Amino acid sequence: MPFKRYVEIGRIALVNYGKDYGKLVVIVDVIDQNRALVDSPDMVRGQMNFKRLTLTDLKIDIKRVPNKKTLVAALEAADIKNKWDNSSWGRKLIVQKKRASLNDFDRFKIMLAKIKKAGVVRQELAKLKKETTA
Amino acid sequence: MAPKQKTPHGSRNPDLIRGIGKFSRSKMYHKRGLWAIKAKNGGVFPRHDKKPAEAPAAVKPPKFYPADDVKKPLVNKRKAKPTKLRVSITPGTVLIILAGRFKGKRVVFLKQLTSGLLLVTGPFKINGVPLRRVNQSYVIATSTKVDIADVSVEKFDDKYFSKQVEKKKKKGEGEFFEAEKEEKNQLSQDKKDDQKAVDAALIKTIEAVPDLKSYLGARFSLKAGMKPHELVF
């Protein structure tokens, strides 16, 4: 199986360890075999070990080490934020965050909703069963 | 006119460095006005002779000396500070009781009493918890709040919850047990009325929020996969 996501200038990566855990960053330059120069609209450009990054499918078109303005403009043009939030990976992260922030009352309401939904599904299933046996 | 009470003056001799004042002894003598006090008193510093001490009342020698020296415990003048209420607990907060008869019950917080305990009510109709005192340490505060503005809780204090003192009965053997039992189970009518009064306004505000009534009626429990240190309450 060949690799599909390459470390290249403009590759969007997810930080999976450290102070910036969970952020999306752009690989702006490669320092050596292990480290990349990484930048994002809300952080100071700095180096990160590749082991701290998980590559995504997204990539933007930039030159090596652009200034912040150009980077932000390129990110806007490629609409990375929306593309990420609509991707299945991005949606899963959003759901995880929502679940972690649920109140005790919210969890109760969700339980009631699940029971209701299961009830409706079971009714439909019973109807279908009746039709097939009849 | 009575002489004005002056607040005591601080030091009139500012420190140049710790241990060294700005003014010399003679300057300070002048600044403190000791010359004026002396002048008022005819060249001498006023002196007050000791009052003749009253002869101490004659103490009779005690009739009884204990055989062994008994150590007296040291005097302890510490005062307990009033219990600090957790910031997350405000009037109207829904609390989860963690211990006791009502463990797991979700309950509405009314106010903190002077003893530090929290005054809490079910409401009684919803989950069977009456007006009750609960310790802050045995409670989880959730972030759900109920509006408690139309409930008046002024009349409740720690004395309201003290045990009723029974009049001492003469020991009549046979009837002893039956009579005792009857008295214990009665809750006075005015306590029941207080409960109803507090709950009436509360229940109306609770029913206004969807699902809140069934939420308060249900008990809290940890299910599989719930990590208490990661849960947001």
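Above this text sits the structure in question.
Overview of the structure. (Residues numbered from 1 in each chain as written. Chains lettered and ligands numbered in written order. Predicted model: local features only at pLDDT ≥ 70, side-chain atom pairs only at ≥ 80, totals over all residues. Heavy atoms only, no water.)

**Digging into unusual backbone geometry**
Part 1 of the argument: The amide bond that connects B:Gly122 to the next residue, B:Pro123, takes the cis arrangement and shows omega of 0°.
Part 2 of the argument: As for its placement among the helices and strands, B:Pro123 is situated in the loop between strand S5 (118-121) and helix H3 (124-127).
Part 3 of the argument: Backbone geometry at A:Asp79 places phi at a positive 55°, although glycine is not the residue there.
Part 4 of the argument: A residue is classified by how much of its surface remains accessible, and A:Asp79, at 36% relative accessible area, is partly exposed.
Part 5 of the argument: Although it is not a glycine, B:Asp211 sits at a positive phi angle of roughly 70°.
Part 6 of the argument: Topologically, B:Asp211 is positioned in the loop between helix H5 (189-208) and helix H6 (212-217). (Helix = DSSP H or I, 4+ residues; strand = E, 2+ residues; numbered from the N terminus. Buried < 20%, exposed > 50% of the residue type's maximum accessible area, 1.4 Å probe, protein only.)

**Considerations on the nonpolar core**
Part 1 of the argument: In this structure, B:Leu110, B:Leu119 and B:Leu216 are the most contacted members of the largest nonpolar core, which totals 24 residues.
Part 2 of the argument: Tallying contributions element by element places H5(B) first for this core, with five residues.
Part 3 of the argument: When neighbours within four sequence positions are excluded, B:Leu110 is seen to be in contact with B:Pro91, B:Leu119, B:Val120, B:Thr121, B:Leu131, B:Ile148, B:Val153, B:Val198 and B:Leu202.
Part 4 of the argument: Core analysis: the second largest hydrophobic core is formed by 14 residues, A:Val26, A:Leu58, A:Leu75 and A:Ile80 among them. (Core = buried A, V, L, I, M, F, W, Y, C linked by side-chain atoms within 4.5 Å. Contact = heavy atoms within 4.5 Å.)

**Comments concerning the packing of aromatic side chains**
Part 1 of the argument: Under the definition given, this model contains six aromatic pairs over all chains.
Part 2 of the argument: Relative to B:Tyr160, the ring of B:Phe156 has its centre 5.0 Å away and its plane inclined at 80°; by these criteria the two rings are edge-to-face. B:Tyr160 carries the same exposure label as B:Phe156, and that label is buried.
Part 3 of the argument: Between B:Phe220 and B:Phe233 the ring centres are 5.7 Å apart and the planes differ by 65°, which places this aromatic pair in the edge-to-face class. Linking B:Phe220 in the segment after H6 with B:Phe233 in the segment after H6, this pair joins segments that are 13 residues apart in sequence. The burial state of B:Phe220 is the same as that of B:Phe233; both residues are buried.
Part 4 of the argument: An aromatic cluster of at least three residues, connected via ring pairs, comprises A:Phe105, A:Phe108 and B:Tyr215.
Part 5 of the argument: It is B:Lys31 that lies over the ring of B:Phe23; its NZ or CZ is 4.3 Å from the centre. (Phe/Tyr/Trp six-rings, centres within 6.5 Å; stacked < 30°, edge-to-face > 60°. Lys NZ or Arg CZ within 6 Å of the ring centre and 35° of its normal.)

**Let's talk about the pattern of salt bridges**
Residue and element names in this part refer to chain A.
Part 1 of the argument: One pass over the full model with this rule turns up 16 salt bridges over all chains.
Part 2 of the argument: A salt bridge links lysine 109 to aspartate 106; the nearest nitrogen and oxygen atoms lie 3.9 Å apart. Here the residue lysine 109 and the residue aspartate 106 both occupy positions in helix H4 (residues 104-133), the gap between them amounting to three residues, near one helical turn.
Part 3 of the argument: Taking the relative accessible area as the measure of exposure, lysine 109 reaches 32% and is therefore partly exposed.
Part 4 of the argument: Overall, the relative accessible area of 26% leaves aspartate 106 in the partly exposed class. (Salt bridge = Lys/Arg side-chain N within 4 Å of Asp/Glu carboxyl O.)

**A look at the pairing of strand S3 (residues 35-40) of chain A**
Residues and elements named next belong to chain A.
Part 1 of the argument: With five of six residues buried, S3 lies mostly within the body of the structure.
Part 2 of the argument: The sheet contact formed by strand S2 (residues 24-30) and S3 spans four bridges and is antiparallel. From the neighbouring strand, aspartate 29 faces S3, where its bridge partner is leucine 37.
Part 3 of the argument: Counted along the chain from S2 to the antiparallel partner S3, the turn is four residues long.
Part 4 of the argument: As judged from the five bridges shared by S3 and strand S4 (residues 43-49), these two strands associate in the antiparallel manner. Bridge pairing in S4 links leucine 37 to glutamine 47. (Pairing = 2+ DSSP bridges.)

**Structural notes on a positive patch on the surface**
Part 1 of the argument: Together, B:Lys6, B:Arg12, B:Lys22, B:Lys31 and B:Arg32 make up a positively charged patch on the protein surface.
Part 2 of the argument: Note that B:Lys6 resides in the segment before strand S1 (15-17). (Patch = residues over 30% accessible without salt bridge, like charges linked within 9 Å, V, L, I, M, F, W, Y side chains within 5 Å. Areas by Shrake-Rupley, 256 points an atom, 1.4 Å probe, with all protein chains shown as cover. Lys, Arg positive; Asp, Glu negative; His and termini not counted. Charge placed at Lys NZ, Arg CZ, Asp CG, Glu CD.)

**Focus on the layout of surface pockets**
Part 1 of the argument: Space inside the second largest pocket adds up to approximately 820 Å³.
Part 2 of the argument: A:Leu102, A:Arg107, A:Ile110, B:Met226 and B:Leu231 are the residues nearest the centre of the second largest pocket, which is lined by 24 residues in total.
Part 3 of the argument: Those elements that provide at least two residues to the lining of the second largest pocket are helix H3 (88-100) and H4 of chain A.
Part 4 of the argument: When residues in the lining of the second largest pocket are grouped by element, the largest group, six residues, is from H4(A).
Part 5 of the argument: In terms of residue class, the lining of the second largest pocket is made up of 12 nonpolar, two polar and 10 charged. (1 Å grid on protein atoms, 1.4 Å probe; cavity = no way out; pocket = protein on both sides within 12 Å on 5 of 7 lines; lining within 4 Å. Points joined across faces, edges and corners; volume = space filled by probe spheres on them. Nonpolar A, V, L, I, M, F, W, Y, C, P; charged D, E, K, R; others polar.)

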